[in-house]
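Results of the structural survey
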Amino acid sequence: MLVTTLGRMCGIIGYVGASSAEDVVLAGLRRMEYRGYDSAGIALVTADGLAIAKKAGKLANLEKVLADQPLPPATTGVGHTRWATHGPPVDRNAHPHISDDGKVAVVHNGIIENFAALRSELERQGVELSSDTDTEVVAHLLAGAYDSSTEPATDRFAAAMRAVCLRLEGAFTLVAIHTDHPGQVVGARRNSPLVAGIGEGAGEYFLGSDVSAFIAHTRDALELGQDQVVTLDVEHGIAVTDLAGTSLQPRRFHVDWSAAAAEKGGYPWFMLKEIDEQPAAIADTLRGRLADTGQIVLDEVRLSDEDLRDIDKVFIVACGTSNHAAMVSKYAIEHWTRLPCEVELASEFRYRDPVLDRSTLVIAISQSGETMDTLMALRHAKDQRARVLAICNTNGSTIPRESDAVLYTRAGPEVAVASTKAFLAQLAACYLVALYLAQARGTKYADEIATIVAQLNKLPDAVAETLGRMDQVRAIGRELAKEPTILFVGRHVGYPVALEGALKLKELAYIHAEGFAAGELKHGYISLIEQGTPVVAVVPARGRNSVHSKVISNIQEIRARGAKTIVIAADGDDEVAPYADHLIHVPKTPTLLAPVLTTIPMQVLACEIADTRGLDVDQPRNLAKSVTVE
Ligand code: F6R
């Protein structure tokens, strides 16, 4: 028998209220589909017991099933959209899973590490399991732990959930319904995300993997912590306890995203909309944090200036695109603060035993705030007594909650799986943190900071201007759509931009792409270049200590070997024109800030190539937005 752990990073929603649970749950799943799209399912508590529909593939497949066979009316339900790591994404493995007595339906995100032992135990008791998943075990355990004599009756199902959670090892978010409690949804979390929403009308509550699950209905939410169990009850409201049953008061927060921000708004792809939202993402991230006096104001950073003066080393940990933001910020932090700064892939960080102590500042950058690798790196840093500052886009998520301080990027909800506006907002936040450190440590005078602040304030307009010039890039994208390989090169802060360009292209267009430090070409990579190989090169601004002329030499070298060169350079820089098959100009901006602009053509290029190849730009194969497993 194939035994797999399925459903690891997924979108989960639970609803109780007065509206049609089917409508609310499906709409929530639509907004969370970016979290996984291998299968989708829904379960409702109806007058005749549980009603369930589930289907492998994208949510559209489930919607078709429901259009053909509508479920009976119900006002309590759960839903799930799944990203699988192992095993076939077939109907029987889709969530929700049902207990053998037919009373409990459960959806799950995470991995139950001891599920094999639990499964054997259930099989010995004669329970027949009908899927290959770890999740189904939980449904049967919940039915087994349910005790109809528990008082008060309103706590009965939650008590079963607590008892089951105590037996589970691993990471999980669970959301479940029970036919004996038609007005209740019960959830629990350990190391996987879950937030609760408080509806505007009386007796309406939500659970979601993130706030986008219920943003169309409410922007008031509760943070749920580690090993907590939450009961949504249409009559009695929300109750949260720890696993011992002690009642807890979760922190309430208000989401400043609008529901419209999580919709496509007339664009064919979320990614295109999010690319266009970048001027606002940067402006919102900077707003209120740059005083006219040149002082940087970071209210949410709860580290004293004394703490900051104690710091003698900075590590930045992050994954994927966020790691590229980290690489850019290393240049700014070292240049502006003179503090040594290392950038680490979060997935590698704790396994190499980094040297950390109370004087180390660890900055964790994460759009979702749930990336397991980054969370584990952060916990490792805290265990070593380092101070941790999070740069995060998602209010109420785990990484900022577990950090000593947080600076939120205000990019708004990012739905396309490939990160764009969150990246630019991360860059803006990183510059703020670097200046803040420089200010607190006195490595920059106020007037120097004021000059950089003035340059930062010009970025939203410069981003808008860059976006207005992208027709040329789209045409290049169409020209390159059939290429088997595209290379990206840059130096200094242009190097992480090249890595980001290559990552965007790989993940969206499934084209082999590599990003290099241009200076490394001659150490091996240049042998990849054949007649006509497209190479995208980022030219830095001219200036003191600039590598401008070096990059131009590198471009000449690759052109001499037959490369087709697509060059991104600042306005007025035409020195490279003789060596560029295509020359893309972006507004002139200081070297350290340039990635905010030079990344944009990379994003547009990848998007256009993927679209021309007929691919799903928002939901590339095999990926999920929020990577909640290691
Ligand atoms: C690429 C992309 C990923 C994420 C990475 C980290 O377009 O989106 O590489 O950047 O999975 O995610 P967060 O920032 O949520 O920790």
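Conventions used here
Residues numbered from 1 in each chain as written. Predicted model: local features only at pLDDT ≥ 70, side-chain atom pairs only at ≥ 80, totals over all residues. Heavy atoms only, no water. Pairing = 2+ DSSP bridges. Helix = DSSP H or I, 4+ residues; strand = E, 2+ residues; numbered from the N terminus. Right-handed = clockwise from strand over helix to strand, strands pointing away. Near = heavy atom within 4 Å. Polar contact = N/O pair within 3.5 Å; in protein donor to acceptor, adjacent residues only side chain to side chain. Areas by Shrake-Rupley, 256 points an atom, 1.4 Å probe, with all protein chains shown as cover. 1 Å grid on protein atoms, 1.4 Å probe; cavity = no way out; pocket = protein on both sides within 12 Å on 5 of 7 lines; lining within 4 Å. Points joined across faces, edges and corners; volume = space filled by probe spheres on them. Nonpolar A, V, L, I, M, F, W, Y, C, P; charged D, E, K, R; others polar. Domains from an automatic or database assignment. Salt bridge = Lys/Arg side-chain N within 4 Å of Asp/Glu carboxyl O. Core = buried A, V, L, I, M, F, W, Y, C linked by side-chain atoms within 4.5 Å. Buried < 20%, exposed > 50% of the residue type's maximum accessible area, 1.4 Å probe, protein only. Contact = heavy atoms within 4.5 Å. pLDDT = per-residue confidence, 0-100. Phe/Tyr/Trp six-rings, centres within 6.5 Å; stacked < 30°, edge-to-face > 60°. Lys NZ or Arg CZ within 6 Å of the ring centre and 35° of its normal. Arc of directions from axis to C-beta.

1. Looking at the pairing of strand β17 (residues 341-345)
Across 5 bridges, the pairing between strand β16 (residues 313-318) and β17 is parallel. Counterpart to Val 317 in the pairing with β17 is Glu 344. Once the chain exits β16 it traverses helix α9 (residues 320-337) before rejoining the sheet at β17, and the crossover so formed is right-handed.

2. Some details on the site of the ligand
Around the ligand, the structure places 13 residues, and the nearest of them are Ser 322, Ser 366, Ser 368, Thr 371 and Glu 507. Thr 371 has a polar side-chain atom sitting 2.4 Å from an oxygen atom of the ligand. The protein chains hide 89% of the 410 Å² of surface that the ligand would expose on its own. Broken down by secondary-structure element, the contributors of at least two residues to the shell around the ligand are α9 and α16 (494-509). For the shell around the ligand, the leading source of residues is α9, giving 3 residues.

3. Topic: unusual backbone geometry
In this structure, the amide linkage connecting His 95 to the following residue, Pro 96, adopts the cis form with an omega of 0°. Within the secondary structure, Pro 96 is located in the loop between β4 (76-83) and β5 (97-98). Of note, the amide linkage connecting Glu 151 to Pro 152 takes the cis form, showing an omega dihedral of -5°. Inspection of the secondary structure puts Pro 152 in the loop between α4 (135-145) and α5 (156-167). A positive phi angle is found at Asn 191, which is not glycine, with a value near 60°. Within the element layout of this structure, Asn 191 appears in the loop between β8 (184-190) and β9 (195-198). Look at His 492: it is not a glycine, yet its phi comes out positive at around 55°.

4. Section: the layout of surface pockets
A volume near 680 Å³ is recorded for the largest pocket. In terms of lining residues, the largest pocket is bounded by 22 residues, among which His 335, His 492, Arg 544, Thr 591 and Leu 592 are the most central. Elements with a minimum of two residues in the lining of the largest pocket: α9 and α14 (446-467). A total of 5 residues in the lining of the largest pocket trace back to one element, the largest contributor, which is α9. The class makeup of the residues in the lining of the largest pocket is 9 nonpolar, 8 polar and 5 charged. If you count residues domain by domain, the lining of the largest pocket takes at least three from each of domain 2 (264-457) and domain 3 (468-618).

5. Describing the pattern of salt bridges
Enumeration according to the criterion identifies 31 salt bridges in this entry. Put simply, Glu 277 and Lys 273 hold a salt bridge, and the shortest N to O gap is 3.2 Å. Beyond isolated ion pairs, a larger network of salt bridges with shared partners links Lys 273, Glu 277 and Lys 421.

6. So, the nonpolar core
Membership of the largest hydrophobic core comes to 96 residues, with the highest contact counts inside it found for Trp 336 and Ile 363. In terms of residue count, helix α13 (residues 421-441) provides more of this core than any other element does, 15 residues in total. Structurally, this core is a two-domain feature, drawing no fewer than three residues from each of domain 2 (264-457) and domain 3 (468-618). Residues within four places of Ile 363 in sequence aside, it is in contact with Val 314, Phe 315, Ile 316, Val 317, Ile 333, Leu 389, Ile 391 and Val 433.

7. Some words on the confidence of the model for the chain
When the pLDDT values of the chain are averaged, the result is 91; 96% of them are 70 or greater. Confidence drops under pLDDT 50 across residues 1-8; counting only partners more than four residues distant or on other chains, this segment forms 41 contacts.

8. What to know about the packing of aromatic side chains
One pass over the full model with this rule turns up 5 aromatic pairs. On the basis of an interplanar angle of 35° and a centroid distance of 5.7 Å, the ring pair of Phe 206 and Phe 214 is categorised as tilted. Comparing Phe 206 with Phe 214 shows no difference in burial state: the two are buried. With 4.0 Å between their ring centres and 25° between their planes, Phe 516 and Tyr 525 make a pair best called stacked. Site record: aromatic cluster; members linked through ring pairs are Tyr 15, Phe 206 and Phe 214. Seen from the ring of Tyr 510, Arg 621 lies directly overhead, with NZ or CZ sitting 3.8 Å from the centre.

9. Description of helix α15 (residues 471-480)
A turn of α-helix holds 3.6 residues, and therefore any two residues three or four places apart point the same way. Of the positions making up α15, those classed as buried are Val 473, Ile 476, Gly 477 and Leu 480. The buried residues of α15 occupy an angular sector of 105° when the element is viewed end-on, so they sit on one face. On its buried face, α15 sits against β21 (485-490), β23 (534-538), β24 (564-570), β25 (582-586) and α18 (595-612).

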